[in-house]
Protein chains: 2
Amino acid sequence: MAAAVANGLKKEQTRPNKYAVISGPTNPMVTPLLTDLYQFTMAYSYWKAGKHDERAVFDLYFRKNPFGGEYTIFAGLEECIKFIAHFKLTEDEIAFIRSSLPPTCEGAFYGYLRGINCSDVEIYSIPEGSVVFPKVPLMRIEGPIAVVQLLETAFVNLINYASLVTTNAARHRFVAGKSKLLLEFGLRRAQGPDGGISASKYCYMGGFDATSNVAAGKLFGIPLRGTHSHAFVSSFLSPDEITVKSLKHHDGSSVCKDFVSLVKTWLNKLKGSRILGGIFSETNQSELAAFTSYGLAFPGSFLALVDTYDVMRSGVPNFCAVALALNDLGYRAVGIRLDSGDLAYQSCEARKFFQTIEKEFGVSGFGKMSITASNDLNEETLDALNKQGHEVDSFGIGTHLVTCYAQPALGVVFKLVEINNQPRIKLSEDVTKVSIPCKKRCFRLYGKEGYPLVDIMAGENEPPPKVGERILCRHPFSESKRAYVVPQRVEELLKCFWPGSSDKKREDLPPFKEIRERCIKQLEQMRPDHMRKLNPTPYKVSVSAKLYDFIHFLWLNEAPVGELQ
Amino acid sequence: MAAAVANGLKKEQTRPNKYAVISGPTNPMVTPLLTDLYQFTMAYSYWKAGKHDERAVFDLYFRKNPFGGEYTIFAGLEECIKFIAHFKLTEDEIAFIRSSLPPTCEGAFYGYLRGINCSDVEIYSIPEGSVVFPKVPLMRIEGPIAVVQLLETAFVNLINYASLVTTNAARHRFVAGKSKLLLEFGLRRAQGPDGGISASKYCYMGGFDATSNVAAGKLFGIPLRGTHSHAFVSSFLSPDEITVKSLKHHDGSSVCKDFVSLVKTWLNKLKGSRILGGIFSETNQSELAAFTSYGLAFPGSFLALVDTYDVMRSGVPNFCAVALALNDLGYRAVGIRLDSGDLAYQSCEARKFFQTIEKEFGVSGFGKMSITASNDLNEETLDALNKQGHEVDSFGIGTHLVTCYAQPALGVVFKLVEINNQPRIKLSEDVTKVSIPCKKRCFRLYGKEGYPLVDIMAGENEPPPKVGERILCRHPFSESKRAYVVPQRVEELLKCFWPGSSDKKREDLPPFKEIRERCIKQLEQMRPDHMRKLNPTPYKVSVSAKLYDFIHFLWLNEAPVGELQ
């Protein structure tokens, strides 16, 4: 082991062969230097005091659900495990730390840093993609205090945004409803390159169906979507510039030599229609050229952005002309995208236009043409669209989703709860900021109807809750809030994802698609009143009676007695 | 050239040797796949129509200043240039694109993709770190339309967050004032790993003094700061556990064998003081141990976080005892950090405590001990602290700064303004979304007092504004808004940062510190009423009379005539 580390071996450090090899972090910028300087100054101080190997337990948790909601999705675990599996300071990194600390620091410290890895760290965690609640540890990290603190900043960074954006995606899905296709289009507005890549990953996890982000598609196997932009439309001047005009019939049986003329014929038929002809007169020729050209390139997946000039007087008729020409050749167009204006109204008008075509020209299925809407969508606008009534099948959501515009940060923290088997508490004048001490086990208790009822934290050595046995669940800080529960099912939340040098079994990191399925299933399992947008019911988080007493004993012990003057 | 590309040469593509070599993007995840799928579907469609090499000009700009202000800092250019200098699709990437497009797409397209690079792209840009305004192109990108569109998403991604967070940093600096030390502490709350690294880079550019982010310190040479956390404090139980107690005098003349006792002696002296003794009685022993230990580790740079238990009844007296003991041994402590509660009040109380020590114990300079404040600071709280009156010397700012909490996205767009020498306009029912057509030159006109007065855009072939010559500046969309200006200085804004195959001179990318200096100098040069937080005066952005006429001619030409029904 020591030799492997000394060789700078970048493989997994301590796991026997029965486990799958863990690859490195998705972003190569995730290194041991992705941390706050104070983790290194503290490490030096611990080392100097001979305290660096003291066994410490930290809890990673958050204090408040985001977006005014009552739930959060836990995400980012896999990236944390990938990070620690390869945690090792390079010589170059050590030299940089040396240059950043005062020259009075003893040289032997850098020898200590050279030897550090995570072989003696144990990580228990709630599985990624779980629905989680404030105060309950998402991860419990145990190990030599100096090493565990060196992990803090990267862990919190990797969990914070991942959990926030997954939760945001789940909330968007909740408002949009199950039947809609949700597309993440946020890369260009994300906070930096991997803000974009992480957003795509975690939005898919939270229930989106696809992304526009090619790099994320490749990295995580997320379905990709995308057609064309406004620039594409305005890059054409008129159909006359299209020189390659032929298109083979879908079944290969024949070739249409002049697809451009076929489109024009259809446009004239639409104009001549008693109903449709009243809606538009001359359509925009740039747009007609662009759609025709796009149809020639993608006859089997034709989807057009119809709002460059005027949705109903140009975009929709132009689209339909191309779609009908394609239909003549055996191809089924996919639909349109609306990117501005009154999306509800436009979608209904477009739907009527499509339905009229289906009836008037006998094109079966044309009325069901897909309508995608985009343009600054968020939870509120989705909700408003639902109330207005709309005909949108698919939503493309960007800025608000990926930057978590409604609340761009989650307050994940990393608190010391025990050192050398001594429980520690972090006090605060603000009671919501008081930490829950002790190395703990956490359980989710389910009721008769199959819904989770309450999460309960208990000391490590307490007997776990049992199915059918009444247990007292206490609010950690409020004396009067408590309830008896008889669980129908008991789920232990924290599982061992990194056993360190212990002989515990390591949970394998599930494939990304399984994490996504877990997430979607967990969301469905929650009692609906916890999930609703308006005035959701808080889910209960509690401690055992024994832990409650201990917290309050420790609290009194640590808090200074005030003196009124 | 072609051979070099075929070899997959990852060096700079077409620049002669006289230019400095450009390294790759800071984040290795910035690749040609960091884009929206539709850039590839459009590329295929252009290629299929034989249109891919048509010469197009795109403007990259934004429409509205962020944070309710009237200015923005342009940042991210260097990363864009680094990206295009190495823009080349790998075989693996091409295979992935092939698998993402319909199987009907012709195979020869992938051969075309294989040959693509940016040797035929020209980029004109405002220098990074400049103060910029809505509608004026930050970058003008010209080249084969398919290639230029493949750059869009990455460019917008790289500019959006960079400019947003730099502007946020500049705004925080403006409120804090020049004399305060500003520290960026946001890594753990940033939107992913390079959200954190970019934040540290661009906050420094926007006027911050240091960061806690070690990786950013190493990458960009940013000064690092950091001491210890609350966990460090609570990891100690009492001073008895400190075993290594000796500390050498700063001048090396002697050794104090029991620094712990020296600290205790000082604490008793403080308690015995007539004035100070009334403020506190028993201080927390964990904290005293932690501070003592930290002082032993960093005697020359002792800075303590004093709010773990109680600032005035424990943290400050404990800190002072250690600081005074260090003072006996010739070391000067740095100061304290406050991380909760009423920062203004606490800083004033702590200052009084320090000043009393200076007077009562004759420790020269002790009253000037540095006070750092942190805990959810933002523009508003800095402003409120200023109004309350405080004694803080240094602010540590995290979440609100790096996630741009007040507005987490900037709306940078990338619009086609000309193709094959034909100007193009993007219309919209919303007049602020209409694009300004034509390949343009942009100038900043300065007045007699040295302040910038107005930015003006003109057609490429118009004569540029001249010093001392009266010129009409027109609002691009509002007929009645216009003004004559006699500039005292004319600055051409767009400079050639990537000449492509043209023989124009390439601006070298300045070192990071120069960009930062430019930014700080530009901010100082602005007329103060544009910069103030409350009701700032909008800076004027205009077009030449000729461009104005042309915009409106094209607009009328493209817009459909409505029919009221």
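- For chain A, an unreviewed UniProt entry supplies the name Nicotinate phosphoribosyltransferase and the organism Nicotiana tabacum.
- Turning to chain A, the UniProt annotation filed under Catalytic activity (unreviewed entry) states: "5-phospho-alpha-D-ribose 1-diphosphate + nicotinate + ATP + H2O = nicotinate beta-D-ribonucleotide + ADP + phosphate + diphosphate".
- Quoted verbatim from the Sequence similarities (unreviewed entry) heading of the UniProt record, the comment on chain A is "Belongs to the NAPRTase family."

**Some remarks on the interface of chain A and chain B**
Then, in step 1: Chain A puts 112 residues into the contact, and the matching count from chain B is 112 residues.
Then, in step 2: For the pair chain A and chain B, the summed buried area comes to about 9,100 Å², and 59% of that belongs to carbon and sulfur atoms.
Then, in step 3: Broken down residue by residue, the surface that chain A buries against chain B is led by M29(A), R188(A) and Q191(A), which jointly contribute 10%.
Then, in step 4: On inspection of chain A and its partner chain B, the count reaches 8 salt bridges.
Then, in step 5: The residue E241(B) makes a salt bridge to K51(A) at a minimum N-O spacing of 3.1 Å.
Then, in step 6: Counting across the interface, chain A meets chain B through 40 residue pairs in polar contact (both at pLDDT 80 or more).
Then, in step 7: Along the lines of polarity and charge, the residues of the side of chain A that touches chain B split into 51 nonpolar, 39 polar and 22 charged.

**Looking at the UniProt feature "domain: Nicotinate/nicotinamide phosphoribosyltransferase" (unreviewed entry) in chain A**
Then, in step 1: Here, the residues flagged by UniProt with the feature "domain: Nicotinate/nicotinamide phosphoribosyltransferase" (unreviewed entry) are residues 334-434 of chain A.
Then, in step 2: Within the segment residues 334-434 of chain A, helix and strand shares are 33% and 21% respectively, and the terminal C-alpha atoms sit 55 Å apart.

**Some thoughts on the packing of helix α3 (residues 77-85) of chain B against helix α6 (residues 145-176) of chain B**
All names here are of chain B.
Then, in step 1: In the contact formed by α3 and α6, the axes pass within 8 Å of each other and the chain directions differ by 150°. Judged on the interaxial angle alone, α6 and α3 are roughly antiparallel. Like other packed secondary-structure pairs, α3 and α6 cross with a definite hand, here right-handed. Contact residues: α3 offers L77, E79, C80, F83 and I84, while α6 offers L151, A154, F155, L158 and I159.

**Considerations on the environment of F395(B)**
Residues and elements named next belong to chain B.
Then, in step 1: Relative to the assigned elements, F395 resides in strand β13 (residues 394-397).
Then, in step 2: Using a relative accessible area of 1% as the deciding quantity, one classes F395 as buried.
Then, in step 3: F395 sits 219 residues away from A176 along the chain, and the two C-alpha atoms are 8.4 Å apart.
Then, in step 4: Discounting residues that sit within four places of it in the chain, F395 has contacts with A176, K180, L181, L182, L183, A373, L377, L382, L385 and H390.

**Observations regarding the nonpolar core**
One broad rule of soluble globular proteins: the nonpolar side chains tend to lie buried together.
Then, in step 1: Within the largest apolar cluster, 365 residues are counted, with the highest numbers of intra-cluster contacts made by M139(A), F155(A), F259(A), F319(A), M139(B), F155(B) and F319(B).
Then, in step 2: F155(B) has contacts with L60(B), C80(B), F83(B), I84(B), I123(B), M139(B), I141(B) and F414(B), leaving out every residue within four places of it along the chain.

**Section: the sheet that holds strand β6 (residues 181-184) of chain B**
Residues and elements named next belong to chain B.
Then, in step 1: Taken together, the 6 strands give an open sheet; going across it, the order is β7-β6-β13-β12-β11-β10, and neighbouring strands pair in parallel fashion. Of all the strands in the sheet, just β7 (210-211) and β10 (303-305) have a single pairing partner and so form its edges.
Then, in step 2: Of the pairings in the sheet, the one linking strand β12 (residues 370-373) to β13 comprises 2 bridges and is parallel in character. In the sheet register, T372 faces β13, and the bridge partner there is S394.

**A look at the relation of the copies chain A and chain B**
Then, in step 1: It takes a turn of 180° to lay chain A on chain B, together with a shift of 0.0 Å along the axis; the resulting RMSD is 0.0 Å. Those values place the two copies in the arrangement expected of a two-fold rotation axis.
Then, in step 2: A symmetric contact is evident, with 100% of the interface residues of chain A recurring at the interface of chain B.

**Focus on the pattern of salt bridges**
Then, in step 1: As enumerated under the stated definition, the model contains 66 salt bridges over all chains in all.
Then, in step 2: With its nearest N and O atoms 2.8 Å apart, the salt bridge here joins D36(B) to R188(A). Placement of the pair is D36(B) in the loop between α1 (2-6) and α2 (37-48) and R188(A) in the loop between β6 (181-184) and α7 (193-205), with the two residues belonging to separate chains.
Then, in step 3: Judged by relative accessible area, which is 4%, D36(B) ranks as buried.
Then, in step 4: What emerges from the salt-bridge pattern is a single network uniting R55(A), D120(A), E122(A), E142(A), K439(A), E460(A) and K504(A).

**Side note on the UniProt feature "domain: Nicotinate phosphoribosyltransferase C-terminal" (unreviewed entry) in chain A**
Then, in step 1: UniProt's entry tags residues 439-550 of chain A with the feature "domain: Nicotinate phosphoribosyltransferase C-terminal" (unreviewed entry), counted in the numbering of this structure.
Then, in step 2: Span residues 439-550 of chain A is 21% helix and 31% strand, its end C-alpha atoms 12 Å apart.

**Some points on α3(B)**
Residues and elements named next belong to chain B.
Then, in step 1: In terms of residue burial, α3 counts as a mostly covered element, since 9 of its 9 residues are buried.
Then, in step 2: Listed in full, the buried residues belonging to α3 are L77, E78, E79, C80, I81, K82, F83, I84 and A85.
Then, in step 3: Looking at the packing, one finds that the buried side of α3 touches β3 (122-125), β5 (139-144), α6, α7 (193-205), β21 (495-498) and α16 (512-525).

**Topic: the packing of aromatic side chains**
Then, in step 1: This structure, assessed with the given rule, holds 50 aromatic pairs over all chains.
Then, in step 2: Between F302(A) and F319(A) the ring centres are 5.3 Å apart and the planes differ by 10°, which places this aromatic pair in the stacked class. Note that F302(A) is positioned in the loop between α11 (285-297) and β10 (303-305) and F319(A) in helix α12 (residues 311-328), a separation of 17 residues in sequence.
Then, in step 3: Residue F302(A) is classed as buried on the basis of its relative accessible area of 0%.
Then, in step 4: Directly above the ring of Y484(B) sits R470(B), whose terminal nitrogen or CZ lies 3.7 Å from the centroid.

**Examining helix α2 (residues 37-48) of chain A**
An α-helical segment advances 3.6 residues per turn. Residues three or four places apart therefore align on the same side.
Residues and elements named next belong to chain A.
Then, in step 1: Look at α2: 17 Å from first C-alpha to last across 12 residues, which is about the 16 Å you get at 1.5 Å a residue.
Then, in step 2: Of all 12 residues that make up α2, 11 are buried, and the element is covered over most of its length.
Then, in step 3: Listed as buried for α2 are L37, Y38, Q39, F40, T41, M42, A43, Y44, S45, Y46 and W47.
Then, in step 4: Just downstream of α2, G50 is the residue with a positive phi angle, here 70°.

**Considerations on the pairing of β6(A)**
Residue and element names in this part refer to chain A.
Then, in step 1: With 4 bridges connecting them, β6 and strand β13 (residues 394-397) associate as parallel partners. Pairing of L183 across the sheet is with G396, part of β13.
Then, in step 2: By the bridge criterion, 2 bridges tie β6 to strand β7 (residues 210-211) in an arrangement that is parallel. Each residue of the ladder has a partner; that of L183, found in β7, is A210.
Then, in step 3: Traced from β6 through α7 to β7, the parallel crossover comes out right-handed.

**Digging into the side chain of R474(A)**
Residue and element names in this part refer to chain A.
Then, in step 1: By the element assignment, R474 lies in strand β18 (residues 471-474).
Then, in step 2: Within the buried set, R474 has no salt-bridge partner at all; the shortest N-O distance to an opposite charge, 4.5 Å, is to D549.
Then, in step 3: Among the polar contacts made by the side chain of R474, one reaches the main-chain carbonyl oxygen of E479 at a distance of 2.9 Å.
Then, in step 4: Among residues more than four places away in sequence, those in contact with R474 are E479, K481, R482, S542, V543, A545, Y548 and D549.

**Here we look at the sheet that holds β7(A)**
Then, in step 1: Within the open sheet, the 6 strands sit side by side as β7-β6-β13-β12-β11-β10 (chain A). Their pairing is parallel. Where the open sheet ends on each side, the last strands, each with one partner, are β7 and β10 of chain A.

About the criteria used
Residues numbered from 1 in each chain as written. Chains lettered and ligands numbered in written order. Predicted model: local features only at pLDDT ≥ 70, side-chain atom pairs only at ≥ 80, totals over all residues. Heavy atoms only, no water. UniProt positions renumbered as here; feature names shortened; annotations may be inferred. Contact = heavy atoms within 4.5 Å. Buried area = accessible area lost by both parts, 1.4 Å probe. Salt bridge = Lys/Arg side-chain N within 4 Å of Asp/Glu carboxyl O. Polar contact = N/O pair within 3.5 Å; in protein donor to acceptor, adjacent residues only side chain to side chain. Nonpolar A, V, L, I, M, F, W, Y, C, P; charged D, E, K, R; others polar. Helix = DSSP H or I, 4+ residues; strand = E, 2+ residues; numbered from the N terminus. Axes fitted to C-alpha atoms, helices over the stretch in contact; angles between N-to-C directions. Parallel < 35°, antiparallel > 145°, perpendicular 65-115°, else oblique. Left-handed = near helix turned anticlockwise from the far one by under 90°. Buried < 20%, exposed > 50% of the residue type's maximum accessible area, 1.4 Å probe, protein only. Core = buried A, V, L, I, M, F, W, Y, C linked by side-chain atoms within 4.5 Å. Pairing = 2+ DSSP bridges. Least-squares fit on C-alpha atoms with pLDDT ≥ 70 in both. Phe/Tyr/Trp six-rings, centres within 6.5 Å; stacked < 30°, edge-to-face > 60°. Lys NZ or Arg CZ within 6 Å of the ring centre and 35° of its normal. Expected span 1.5 Å × (residues − 1). Right-handed = clockwise from strand over helix to strand, strands pointing away. Lys, Arg positive; Asp, Glu negative; His and termini not counted.

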